[in-house]
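Take a look at the letters that make up each chain.
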Amino acid sequence: MNKERFIKNFTDFVKIPSESSNEEEFLKYFEGFVKNLGGTSERDSYGNLIARFPAKNSNKTEYIAFGAHADTVKPGVGIKPIVKDDKITSDGTTVLGSDDKAGLAEAIEAMMIAEKHPPIEIIVTKEEEIGSFGSSNLDYSLVKSKEAYVIDGEYVNEIIVGGPTLITLDIEITGKSAHAGMAPQEGISSIQVAANAISRLKLGLYDENSTANIGIIKGGEIRNGIPEKTTVTGECRSLDHEKALKICEEMKKAFTEEAEKLGAKVEIKDNVALKAYNLPETEKVIATVKEGMKKAGLEAKMTIIKGGTDATHFNANGVKTAVLGVGNRKIHSVDEYLLLDSAEKIINAMKHTMEALA
Ligand SMILES: [Zn+2]
């Protein structure tokens, strides 16, 4: 890589603040940056940015996409990057913003040093850190690529190839209020319903690939009253989509049946927030980068995570996507730093990947 150029681009990027939902100044800047590099930019109605660059020394017409999110966590205003030896840090009062602007600068650098590459899309999403809202609302009809790499992991030898289905549950139990001492027989305790239902659930690690949790219980208003309302918030996850649906049904059934036994009402809202994906090692998007990493001196390790990323939404919308590492550490803290030798390795891995696709 051209180390000086990479450091300049990266530090220029992080100096422009872009905390979640306040990405506009940075995205405007990035549009100009893309134009200077000979690319074009398009924005979708949510505000996500898609940059496109023509093929170099290649007559391939099939696009490949690289994704990174524009937003940073707080505190992310007034970032002063410090380059010292083989690390870039903040001045200790803010995050560094390598999550994920280093991912973006790395994809750009890889494209610049690649001797040849197919047409490239760079997808810059908004609001990843507060729930991947940019990628879940992205206008996928604008995306020309069928395959993508999101550069937003930490370790550069890891390829994240899969993630879980996540279903959220919002449960509202309505019993009947009454004086707890004078007329308990007239009341129906919504807390009792919740307790009976929850005691039936298998929470925590449900099986090797699945989890279930009740995160919040709120119920009752006074000590000496039978509590009429109780709300319960929970979730379940599984790497197997069907299994997640099954666990969700079990959870719903427990509340419905226990409410019925005591004569309470229950209203349950369930929402599939993430849909599971698991790309096999033989899938082209994985095999190509694995080979690219090998050429860059990295021994690739496939991993599956129990959380969501932009890649979850890309995959759910038909863009086969793996997550690559940025080479940063201690993200989401003021101690965040970027390792330059790791950055160089992933840049080289992406360069080889681009060349192989050209
Ligand atoms: Zn990130």
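Whatever comes next refers back to the structure up there.
Residues numbered from 1 in each chain as written. Predicted model: local features only at pLDDT ≥ 70, side-chain atom pairs only at ≥ 80, totals over all residues. Heavy atoms only, no water.

1. Concerning the coordination of the zinc ion
Summarising the metal site, the zinc ion is bound by the protein donors H69 (NE2), D99 (OD), D152 (OD) and D152 (OD), whose distances to it range over 1.8 to 2.8 Å. Classification of the site at the zinc ion as irregular follows from its four donor atoms and the range of 51 to 144° in their angles at the metal. By relative accessible area, D99 is classed as buried at 6%. (Donors = N, O, S within 2.8 Å, 3.2 Å for Na, K, Ca; no water. Tetrahedral: all angles 85-135°; square planar, octahedral: opposite > 155°, others 65-115°. Buried < 20%, exposed > 50% of the residue type's maximum accessible area, 1.4 Å probe, protein only.)

2. What to know about helix α5 (residues 190–200)
Listed in full, the buried residues belonging to α5 are S190, V193, A194, A197 and I198. End-on view of α5: buried residues confined to an arc of 120°, all on one side of the axis. For α5, the elements touching its buried residues are β9 (165–174), β11 (210–219), β12 (229–238) and α6 (241–262). The N-cap residue of α5 is S189: its side-chain oxygen and the backbone nitrogen of I191 are 3.3 Å apart. (Helix = DSSP H or I, 4+ residues; strand = E, 2+ residues; numbered from the N terminus. Arc of directions from axis to C-beta. Contact = heavy atoms within 4.5 Å. Polar contact = N/O pair within 3.5 Å; in protein donor to acceptor, adjacent residues only side chain to side chain.)

3. Comments concerning the layout of surface pockets
Approximately 440 Å³ is the volume attributed to the largest pocket. As for the largest pocket, its lining consists of 26 residues, of which E128, G131, S132, G308 and T309 are closest to the centre. Going through the elements one at a time, α4 (133–136), β7 (147–153) and β13 (265–274) are the ones with two or more residues in the lining of the largest pocket. If one sorts the elements of the lining of the largest pocket by residue count, β13 sits on top with four residues. For the lining of the largest pocket, the residue count by class is ten nonpolar, ten polar and six charged. Considered as a void within the structure, the second largest pocket measures approximately 150 Å³ in volume. The wall of the second largest pocket is formed by S177, A178, G220, E221, I222, G225, I226, P227, E228 and K229. (1 Å grid on protein atoms, 1.4 Å probe; cavity = no way out; pocket = protein on both sides within 12 Å on 5 of 7 lines; lining within 4 Å. Points joined across faces, edges and corners; volume = space filled by probe spheres on them. Nonpolar A, V, L, I, M, F, W, Y, C, P; charged D, E, K, R; others polar.)

4. Looking at the sheet that holds strand β17 (residues 328–329)
Adjacent strands of a sheet pair through backbone hydrogen bonds, lying either parallel or antiparallel. Sheet architecture is open: four strands sit in the order β4-β5-β18-β17, paired in antiparallel fashion. What marks the edges here is a single partner per strand, and that holds for β4 (82–84) and β17. Pairing geometry for strand β5 (residues 87–89) and strand β18 (residues 337–339), over three bridges, is antiparallel. Following the sheet pairing, T89 is matched in β18 by Y337. Against the sheet, helix α3 (residues 98–113) makes contact with β17 and β18, and its axis sits at roughly 30° relative to β18, the strand it touches most. Sitting on the sheet, helix α9 (residues 340–357) is in contact with β4, β5 and β18, with an inclination near 60° to β18. (Pairing = 2+ DSSP bridges. Axes fitted to C-alpha atoms, helices over the stretch in contact; angles between N-to-C directions.)

5. Here we look at the packing of α5 against α6
Closest axis-to-axis distance for the α5/α6 pair is 8 Å, and the angle between their directions is 140°. In terms of orientation, α5 lies oblique with respect to α6. The crossing of α5 and α6 is right-handed. Where α5 approaches α6, its residues Q192, V193, A194, N196, A197, I198 and R200 are matched on the opposing element by K253, A254, F255, E257, E258, A259, K261 and L262. Taken together, the residues of the contact of α5 with α6 break down into eight nonpolar, two polar and five charged. (Parallel < 35°, antiparallel > 145°, perpendicular 65-115°, else oblique. Left-handed = near helix turned anticlockwise from the far one by under 90°.)

6. Let's talk about the pairing of strand β10 (residues 204–207)
Regular strands show a simple pattern: their side chains alternate between the two faces of the sheet. Sheet analysis places β10 next to β11, joined by three bridges and oriented antiparallel. Paired with L205 across the strands is T211, a residue of β11. In textbook terms, the turn of a hairpin is the stretch between consecutive antiparallel strands, and for β10 and β11 this stretch comprises two residues.

7. Notes on the side chain of H69
One can find H69 in strand β3 (residues 64–69). With a relative accessible area of 1%, H69 lands in the buried category. A polar atom in the side chain of H69 sits 2.9 Å from the side chain of D99. In terms of polar contacts, H69 uses its side chain to reach the side chain of D152, at 3.3 Å. Setting aside residues up to four positions removed in sequence, H69 forms contacts with D99, D100, V124, T125, E128, E129, D152 and D310.

8. Some points on the nonpolar core
Across soluble globular proteins, you tend to see nonpolar side chains buried next to one another. Formed by 74 residues in total, the largest nonpolar core has its most connected members in F6, F10, F30, F66 and I122. In this structure, F10 is in contact with I88, L96, G97, S98, K101, A102, A105 and L338, ignoring residues within four places of it in sequence. Core analysis: the second largest hydrophobic core is formed by 23 residues, I188, V193, V232 and C236 among them. (Core = buried A, V, L, I, M, F, W, Y, C linked by side-chain atoms within 4.5 Å.)

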